[in-house]
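A closer look at the structure
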Amino acid sequence: MATTSEDKARIARQFIEAIPFSKALRMHLDEIGEGLAAISMPYDAALVGDPRTGVIHGGAVSALMDTCGGAAVMSHADAPAGTATIDLRIDYMRPATPGQRIVARAECYHVTRSVAFVRAQAFDEDETRPVAAATGAFTIEQARTPECAP
């Protein structure tokens, strides 16, 4: 039975909302579908990496971008629902503005039999200047076929 894009989006949403780490960071799935995803994370003083500046720790931004990349893969028409990160390279462009929500947007742009490739960016309220950019590779779980009885 084929999985529709709406089914894939629903599955991805349920998966993201069930991840305890995503809940701890208060991530919110804003958009999902057709290999695209947007996830936001509110500013939280508990996530600050430098108390002098109030800037969110890069690890929280990394987790947001990783989760968003996985959601983009899960919603891609050519990818099964399950995925895991193989590799994620993040370039931090500037510190996020203290007090502002961060939004990650990811696109799954290519899928092979075993790997999906993703591009992502993270922004605060200034959407003209990314906080970070990422490229990643994610596993593709192949559907298992039932074993034949002897």
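Residues numbered from 1 in each chain as written. Predicted model: local features only at pLDDT ≥ 70, side-chain atom pairs only at ≥ 80, totals over all residues. Heavy atoms only, no water.

**Some remarks on the state of the cysteines**
Threshold: Note that a disulfide, as used here, is simply two cysteine sulfur atoms within 2.5 Å. The cut-offs for exposure are 20% and 50% of the maximum accessible area for each residue type, with area from a 1.4 Å probe on protein chains only; residues under the lower value are buried, those over the upper are exposed, and the others partly exposed.
With the rule as written, the count across this model stands at 0 disulfides. Of all cysteine sulfurs in the structure, the one in Cys108 sits closest to Cys68, which takes part in no disulfide; the separation is 12 Å. Judged by relative accessible area, Cys108 falls into the buried class, the value being 4%.

**Here's the deal with the pattern of salt bridges**
When the charged atoms of two side chains with opposite charge come close together, those side chains can pair. This is how it is decided: Each salt bridge in this description consists of a side-chain nitrogen of Lys or Arg and a carboxyl oxygen of Asp or Glu lying within 4 Å of one another.
With the rule as written, the count across this model stands at 8 salt bridges. Between Asp50 and Arg52 there is a salt bridge, with the nearest N and O atoms lying 3.1 Å from each other.

**So, the nonpolar core**
Selection criterion: For the purposes of this section, nonpolar cores are sets of buried Ala, Val, Leu, Ile, Met, Phe, Trp, Tyr and Cys residues that join through side-chain atoms within 4.5 Å. Each helix is a run of DSSP H or I of at least 4 residues and each strand a run of E of at least 2, with the numbering of both proceeding from the N terminus. Working rule for contacts: check all heavy atoms of both residues, and any pair within 4.5 Å makes them a contact.
Ile39, Met41, Met65, Val73 and Ile102 are the most contacted members of the largest nonpolar core, which has 39 residues in total. The set of elements that each furnish at least two residues to this core consists of helix H1 (5-18), strand S1 (28-33), strand S2 (36-41), helix H3 (58-74), strand S6 (102-111), strand S7 (115-123) and strand S8 (132-139). Sorting elements by how many residues they give to this core places H3 first, with 10 residues. Sequence-distant contacts of Met41, that is, excluding residues within four places in its chain, are made with Leu25, Arg26, Leu47, Ile56, Ala60, Val61, Leu64, Arg101 and Ile102.

**Section: the pairing of S6**
The line we're drawing: Pairing between two strands requires that DSSP report at least two bridges joining them.
With 6 bridges joining them, S2 and S6 adopt antiparallel strand pairing. By the bridge assignment, Leu36 is partnered in S6 with Glu107. The antiparallel hairpin formed by S6 and S7 contains 3 residues in its connecting segment.

**Some details on unusual backbone geometry**
Phi at Arg26 takes a positive value of approximately 60 degrees, unusual for a residue other than glycine. Position of Arg26 among the secondary structure elements: in the loop between helix H2 (20-24) and S1. With a relative accessible area of 45%, Arg26 lands in the partly exposed category. Non-glycine residue Glu34 carries a positive phi angle of around 55 degrees. Along the polypeptide, Glu34 turns up in the loop between S1 and S2. Note on Glu34: relative accessible area 54%, which makes it exposed.

**A word on H1**
Stated precisely, the cut-off is as follows: Expected helix span is given by 1.5 Å per residue-to-residue step, counting one fewer step than there are residues. The reported arc concerns the directions from the helix axis to the C-beta atoms and nothing else.
An ideal rise of 1.5 Å per residue puts 20 Å on 14 residues; H1 measures up with 20 Å between its terminal C-alpha atoms. By the burial criterion, the buried members of H1 are Lys8, Ala9, Ala12 and Ile16. On an axial view of H1, the arc spanned by its buried residues comes to 100 degrees, and they lie on one face. As for H1, its buried residues are in contact with H2, S1, S2 and H3.

In short, shape yes, function no, at least from these values alone.
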